[in-house]
Amino acid sequence: QVQLVDDGGGLVQPGGSLRLSCAASGNIFSIATMGWYRQAPGKERELVATITSGGITNYADSVKGRFTISRDNAKNTMYLQLNSLKPEDTAVYYCNLRTWSLNAWGQGTLVTVSP
């Protein structure tokens, strides 16, 4: 069983930046596809970005050019750098770890973008 702890959310003004982190327990992080998802109030959870074990990244169109996903396999940690934040980025952000046999989620971290 793997546990994910995501952190780094907070209140930020439009145009500001945050960095989220997701720390994973266990020893499968390096072979897993990792991802960030978000859920805004009243909306379904949606994909933000993913990164494969080989470092291939994929982004939702709404965040391309503003968010950057990365991973440090030595630290079992994934990051999401959020720049040029907009009010519509306000949501609970969840990290995800996926292998062929496992699909795990963090507890979520709230990002609020407001003047």
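Here the structure is a predicted model, which is why all the values come from computation and not from measurement.

Q: Can you break down the packing of aromatic side chains residue by residue, with the values?
A: Inspection of the entire model under this criterion finds one aromatic pair. Between the aromatic rings of Tyr37 and Trp105, the centroid separation amounts to 5.1 Å while the plane-to-plane angle is 65°, which identifies the pairing as edge-to-face. One end of the pair, Tyr37, is in strand 4 (residues 33-39); the other, Trp105, is in strand 10 (residues 103-105), with 68 residues separating them in the sequence. Residue Tyr37 is classed as buried on the basis of its relative accessible area, which comes to 18%. Residue classification places Trp105 among the partly exposed residues on the basis of a relative accessible area of 35%. One residue, Arg71, lies across the ring of Phe29, its end atom 4.7 Å from the ring centre.

Q: Give me the lowdown on the state of the cysteines, citing residues and values where you can.
A: Among covalent bonds in proteins, the disulfide is the one between the sulfur atoms of two cysteines. Across all of its chains, the model carries one disulfide by this definition. Disulfide partner of Cys22: Cys95, at an S-S distance of 2.2 Å. Here the disulfide of Cys22 and Cys95 is right-handed, its torsion about the S-S bond being about 55°. In this pair, Cys22 is assigned in strand 3 (residues 18-24) and Cys95 in strand 9 (residues 91-98), connecting sequence segments 73 residues apart. By relative accessible area, Cys22 is classed as buried at 0%.

Q: Mind laying out the pattern of salt bridges, listing which residues take part and the relevant values?
A: Counting across every chain of the model gives four salt bridges. Between Lys64 and Asp61 there is a salt bridge, with its nearest N and O atoms 3.2 Å apart. For Asp61, a relative accessible area of 64% gives the class exposed. The structure contains a network of salt bridges with shared partners spanning Arg38, Glu46, Arg66 and Asp89.

Q: So what about the nonpolar core? Which residues, and what values?
A: Where a protein is soluble and globular, its nonpolar side chains tend to be buried together. By size, the foremost hydrophobic cluster in this structure holds 31 residues, and its most contacted members are Trp36, Met78, Leu80 and Tyr93. Listed by contribution, the elements that provide at least two residues to this core are strand 3, strand 4, strand 5 (46-51), strand 7 (67-72), strand 8 (77-82), strand 9 and strand 11 (109-113). Among residues more than four places away in sequence, those in contact with Tyr93 are Asp6, Leu20, Trp36, Tyr37, Arg38, Val48, Phe67, Leu80, Leu82, Gly108, Thr109 and Val111.

Definitions and limits used
Residues numbered from 1 in each chain as written. Predicted model: local features only at pLDDT ≥ 70, side-chain atom pairs only at ≥ 80, totals over all residues. Heavy atoms only, no water. Phe/Tyr/Trp six-rings, centres within 6.5 Å; stacked < 30°, edge-to-face > 60°. Helix = DSSP H or I, 4+ residues; strand = E, 2+ residues; numbered from the N terminus. Buried < 20%, exposed > 50% of the residue type's maximum accessible area, 1.4 Å probe, protein only. Lys NZ or Arg CZ within 6 Å of the ring centre and 35° of its normal. Disulfide = S-S within 2.5 Å. Salt bridge = Lys/Arg side-chain N within 4 Å of Asp/Glu carboxyl O. Core = buried A, V, L, I, M, F, W, Y, C linked by side-chain atoms within 4.5 Å. Contact = heavy atoms within 4.5 Å.

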